[in-house]
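# Working through the structure, step by step
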Amino acid sequence: MAEEQPVITNKAGEPVEGCTLCLVKLQGPCISWVRPAQWIRPCFGKHHSHENWFWPEGTDLPKIKESFQNVKSLQNYEIMRVTDSHFMARKYTPFLQWVDVVDITVSKDAESGTYRGDAW
């Protein structure tokens, strides 16, 4: 069974189609691998965000993993990897379909026993 492809939309909210979609599908993996925003930072300032996420006490790992897997239902997101400790997705911006990589490592805090996410 073929996996359902994410819907990528433009700034008007219309699906990207035809040659434009082909270009987006080709450039997305390349840009997410090269990550130019990381290495142009010295020239243009900060082009990334880093956050620490904390899930409430009692949230179990399968529930966190399920929430990551449900990202595929959002427009402009393409899941690359979901494991018990890692989530990675491409987020295509509505303007020109530039790619942002969402990378989250999940770990259990030794003191509190709650889960935290190191999100880039």
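Residues numbered from 1 in each chain as written. Predicted model: local features only at pLDDT ≥ 70, side-chain atom pairs only at ≥ 80, totals over all residues. Heavy atoms only, no water.

### Some points on the overall build of the protein
Along its length, the protein carries four helices and five strands. Ordering the α and β elements of the protein from the N terminus gives α-α-α-β-α-β-β-β-β. Counting across all 120 residues of the protein, residues that qualify as buried make up 28%. Once local pairs closer than 6 in sequence are excluded, the contacts in the protein between residues at least 24 apart make up 44%. (Helix = DSSP H or I, 4+ residues; strand = E, 2+ residues; numbered from the N terminus. Buried < 20%, exposed > 50% of the residue type's maximum accessible area, 1.4 Å probe, protein only. Contact = heavy atoms within 4.5 Å.)

### A short note on the sheet that holds strand S1 (residues 51–54)
Strand order in the open sheet made by the five strands is S1-S5-S4-S3-S2, with antiparallel pairing throughout. Each having just a single partner strand, S1 and strand S2 (77–82) make up the two edges of the open sheet. Adjacent strand axes in the sheet meet at a mean angle of 20°, parallel and antiparallel pairs treated alike. Sheet topology note: the strand S3 (residues 86–92)/strand S4 (residues 99–108) ladder contains seven bridges and is antiparallel. Residue Phe87 lies in a different strand from S4, and its bridge partner there is Ile104. (Pairing = 2+ DSSP bridges. Axes fitted to C-alpha atoms, helices over the stretch in contact; angles between N-to-C directions.)

### A short note on helix H4 (residues 61–69)
All of the buried residues in H4 are Leu61, Ile64 and Phe68. With its buried residues spanning 60° around the axis, H4 presents them on a single face. Seen from the open side of H4, the exposed residues pointing more than 90 degrees away from its buried face are Pro62 and Lys63. Looking at the buried side of H4, the elements it contacts are S1, S2, S3, S4 and strand S5 (115–119). (Arc of directions from axis to C-beta.)

### Some thoughts on the packing of aromatic side chains
In this structure the tally under the stated criterion is three aromatic pairs. Judged by centre distance (4.6 Å) and plane angle (20°), the ring pair of Phe68 and Phe87 falls under stacked. Here Phe68 is found in helix H4, whereas its partner Phe87 is found in strand S3, with 19 residues between them in sequence. Assigned by exposure class, Phe68 and Phe87 land together as buried. In this structure an aromatic cluster arises from ring pairing among Trp53, Trp55, Phe68 and Phe87. (Phe/Tyr/Trp six-rings, centres within 6.5 Å; stacked < 30°, edge-to-face > 60°.)

### A word on the pattern of salt bridges
Summed over the entire model, instances satisfying the criterion amount to three salt bridges. Glu78 is the partner of Lys25 in a salt bridge, and the nearest nitrogen-oxygen pair spans 3.5 Å. Linking Lys25 in helix H1 (residues 18–34) with Glu78 in strand S2, this pair joins segments that are 53 residues apart in sequence. According to the relative accessible area criterion, Lys25 is partly exposed, its value standing at 26%. In this structure, the salt-bridge partner of Lys65 is Asp84, at a minimum N-O distance of 3.5 Å. Of this pair, Lys65 sits in helix H4 while Asp84 sits in the loop between S2 and S3, and the two are 19 residues apart along the sequence. (Salt bridge = Lys/Arg side-chain N within 4 Å of Asp/Glu carboxyl O.)

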